[in-house]
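Structural overview
The lines below spell out each chain.
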Protein chains: 4
Amino acid sequence: MAKIFCLADVCMVPIGTNSASVSDFVALIEAKIRASPLKSTLHSAGTTIEGPWDEVMGLIGEVHEYAHSKGIVRIQTDIRVGTRTDKHQTAQDKVDKVLKKLEEQK
Amino acid sequence: MAKIFCLADVCMVPIGTNSASVSDFVALIEAKIRASPLKSTLHSAGTTIEGPWDEVMGLIGEVHEYAHSKGIVRIQTDIRVGTRTDKHQTAQDKVDKVLKKLEEQK
Amino acid sequence: MAKIFCLADVCMVPIGTNSASVSDFVALIEAKIRASPLKSTLHSAGTTIEGPWDEVMGLIGEVHEYAHSKGIVRIQTDIRVGTRTDKHQTAQDKVDKVLKKLEEQK
Amino acid sequence: MAKIFCLADVCMVPIGTNSASVSDFVALIEAKIRASPLKSTLHSAGTTIEGPWDEVMGLIGEVHEYAHSKGIVRIQTDIRVGTRTDKHQTAQDKVDKVLKKLEEQK
């Protein structure tokens, strides 16, 4: 069991769906992610989920199983996940810090 | 040479930088990306760049070389890149479509 | 909790390590992975781990926590993970099937 | 244009193919990759390609375009790509170094 706080950015792709459109699939899994108590942020290339490792990874696995139960036979997912011990940092903190530095450069 | 339009979501990590903070590095590369004519969108886990394949990938390579020239010895990057032939779709189009479907589900 | 069988290909990068070499880090985490009962395969861009979702993801989280306990302050990991419901397929099965088809093409 | 040497590990997924099996697709693109002069290594979660940035990324783009020409409407690819300025290192060098350190730990 791993309890460390993590930021996990998740991009899920359904395989063998007979359509090049994935928005129905993404809406399906995004609704499932939003139904969890974990904080998440949607962007055009995935969704970032924040929380303790086991809860975040458990949620992603449950979303796989949920999509399978809805008829998706195969799913390929890319997860970028970071952990650190020097400080607590949210997804929004990361963006704010970079935007502030970009502003200072001007 | 590949000219197909692509959406590329890029997460760059500097290695051997002596600090667990990467915001200076991200501000450095983000400024370089924004100086290009290609459309890009920053989020907490990367930056999405849109355009013809060779221009997008060329830009990412130039950003690597630029960061090296600024003293970063090693860089590891994750790129999620998609292409399709059925229609043209921007990063914002993708988000809008999913948000609309989420709204309709309610 | 998610029990579905998965193939997870893991690429871990230490941040702020003061050295561009990551082989000590990779040997550290690879030893930890190999000490688990899960099947794994090392390649030049990561390690593929096979097993039930919670065990595989739990192991990766434990490896993060283990590396932190050894002084690595920040870790960024990319995981490519696939699940399917139509059949059971190991990492070796996937390679064998592609190699066989390549052979047949000749 | 970027000329720096890189190691790029590529995982391509076809979308909307009507079948959960991707081995035909992988054999198709693997044959295309092997027809190039660049060194590559297949593993269960992708293929590692080595060479100058523009040639490697150009090849991956050409493979996308080639697969589209064969009827694949949409492709989602994950690329892990690394560059460094301190030394030249091949994919095999990376594996050998880690295996040697694992051996020394025993």
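Calculation rules
Residues numbered from 1 in each chain as written. Chains lettered and ligands numbered in written order. Predicted model: local features only at pLDDT ≥ 70, side-chain atom pairs only at ≥ 80, totals over all residues. Heavy atoms only, no water. UniProt positions renumbered as here; feature names shortened; annotations may be inferred. Helix = DSSP H or I, 4+ residues; strand = E, 2+ residues; numbered from the N terminus. Least-squares fit on C-alpha atoms with pLDDT ≥ 70 in both. Contact = heavy atoms within 4.5 Å. Buried area = accessible area lost by both parts, 1.4 Å probe. Salt bridge = Lys/Arg side-chain N within 4 Å of Asp/Glu carboxyl O. Polar contact = N/O pair within 3.5 Å; in protein donor to acceptor, adjacent residues only side chain to side chain. 1 Å grid on protein atoms, 1.4 Å probe; cavity = no way out; pocket = protein on both sides within 12 Å on 5 of 7 lines; lining within 4 Å. Points joined across faces, edges and corners; volume = space filled by probe spheres on them. Nonpolar A, V, L, I, M, F, W, Y, C, P; charged D, E, K, R; others polar. Pairing = 2+ DSSP bridges. Axes fitted to C-alpha atoms, helices over the stretch in contact; angles between N-to-C directions. pLDDT = per-residue confidence, 0-100. Expected span 1.5 Å × (residues − 1). Buried < 20%, exposed > 50% of the residue type's maximum accessible area, 1.4 Å probe, protein only. Arc of directions from axis to C-beta. Phe/Tyr/Trp six-rings, centres within 6.5 Å; stacked < 30°, edge-to-face > 60°. Lys NZ or Arg CZ within 6 Å of the ring centre and 35° of its normal.

Chain A carries the name Thiamine-binding protein domain-containing protein in an unreviewed UniProt entry, which gives Maudiozyma barnettii as its organism. According to the UniProt record, the Sequence similarities (unreviewed entry) comment for chain A is "Belongs to the UPF0045 family."

Those residues carrying the UniProt feature "domain: Thiamine-binding protein" (unreviewed entry) are residues 8-98 of chain A in this numbering. Helix makes up 41% of residues 8-98 of chain A and strand 34%, whereas the separation of the span's terminal C-alpha atoms amounts to 18 Å.

Bringing the relation of the copies chain C and chain B into the picture now. Mapping chain C onto chain B calls for a rotation angle of 180 degrees and an axial translation of 0.0 Å; the resulting RMSD is 0.0 Å. Here the symmetry operator amounts to a two-fold rotation axis. The position closest to the rotation axis in chain C is occupied by the C-alpha of C:Asn18, lying 2.1 Å away. In this assembly, 100% of the residues forming the interface of chain C have copies in chain B that are likewise at the interface, indicating an isologous arrangement.

Right, let's talk about the interface of chain A and chain C for a bit. Taken together, the contact between chain A and chain C spans 31 residues of the former and 31 residues of the latter. Summing both partners gives a buried area of about 2,400 Å² for chain A against chain C, and 48% of it is carried by carbon and sulfur. Between the two partners, chain A and chain C, sit zero salt bridges. The tally of links between chain A and chain C comes to 19 residue pairs in polar contact (both at pLDDT 80 or more).

Moving on: the relation of the copies chain A and chain C. Between the two copies, chain A and chain C, the superposition gives an RMSD of 0.0 Å; the rotation angle is 180 degrees and the shift along the axis is 0.0 Å. The residues that chain A uses at the interface reappear at the interface of chain C in 100% of cases, marking a shared surface.

Evaluated as defined, the whole model comprises four cavities of 30 Å³ or more. Counted as a void, the largest cavity has a volume near 590 Å³. Contributing to the lining of the largest cavity are 38 residues, with A:Val22, A:Val26, A:Ser44, B:Lys94 and D:Arg74 lying nearest its centre. Sorting the residues of the lining of the largest cavity by element identifies strand 1 (5-15), helix 1 (23-34), strand 2 (39-43) and strand 3 (46-52) of chain A, strand 1 (5-15), strand 4 (74-84) and helix 3 (91-105) of chain B together with strand 4 (74-84) of chain D as the ones contributing at least two each. Here the residues of the lining of the largest cavity are counted per class, giving 18 nonpolar, twelve polar and eight charged. By volume, the second largest cavity is sized at about 440 Å³. Taken together, 34 residues line the second largest cavity, and the ones lying closest to its centre are C:Val22, C:Val26, C:Ser44, C:Gly46 and D:Lys94.

So, on to the sheet that holds strand 2 (residues 39-43) of chain B. The strand order across the open sheet formed by eight strands is 2(B)-3(B)-1(B)-4(B)-4(D)-1(D)-3(D)-2(D), and the pairing between neighbours is antiparallel. In the strand order of this sheet, the two ends are held by strand 2 of chain B together with strand 2 (39-43) of chain D, each with one partner. Taking the axes of each pair of neighbouring strands and ignoring which way they run, one obtains an average angle of 20 degrees across the sheet. Sheet topology note: the strand 1 (residues 5-15) of chain D/strand 3 (residues 46-52) of chain D ladder contains six bridges and is antiparallel. Residue pairing across strands places D:Cys6 opposite D:Gly51, the latter belonging to strand 3 of chain D.

Turning next to the confidence of the model for chain A. Looking at chain A as a whole, the pLDDT averages 97, with 100% of positions reaching at least 70. Predicted as a complex, the structure gets a pTM of 0.98 and an ipTM equal to 0.97.

Another point: the interface of chain C and chain B. Across the contact, 15 residues belong to chain C and 15 residues belong to chain B. Taken over both partners, the interface formed by chain C and chain B buries close to 1,100 Å², and the fraction arising from carbon and sulfur atoms is 64%. Across the contact surface, chain C and chain B share zero salt bridges. For the pair chain C and chain B, the interface holds two residue pairs in polar contact (both at pLDDT 80 or more). Taken together, the elements giving at least two residues each to the side of chain C that touches chain B come down to strand 1 (5-15) and strand 4 (74-84) of chain C.

Next up on the list: helix 3 of chain B. Between the first and last C-alpha of helix 3 of chain B there are 22 Å, a value that for 15 residues agrees with the 21 Å anticipated at 1.5 Å per step. Restricting attention to buried positions, one finds in helix 3 of chain B the residues B:Ala91, B:Val95, B:Val98, B:Lys101 and B:Leu102. Projected onto a plane normal to the axis of helix 3 of chain B, the buried residues spread over an arc of 130 degrees and lie on a single side. Along helix 3 of chain B, the residues that are exposed and aim more than 90 degrees away from the buried face are B:Lys100, B:Glu103 and B:Glu104. Buried residues in helix 3 of chain B make contact with helix 1 and strand 2 of chain A together with strand 1 and strand 3 (46-52) of chain B.

Before going further, it helps to examine the packing of aromatic side chains. Tallied over the entire structure, the rule returns zero aromatic pairs over all chains. Of note, A:Lys32 hangs over the ring of A:Tyr66, and the distance from its end group to the ring centre comes to 4.6 Å.

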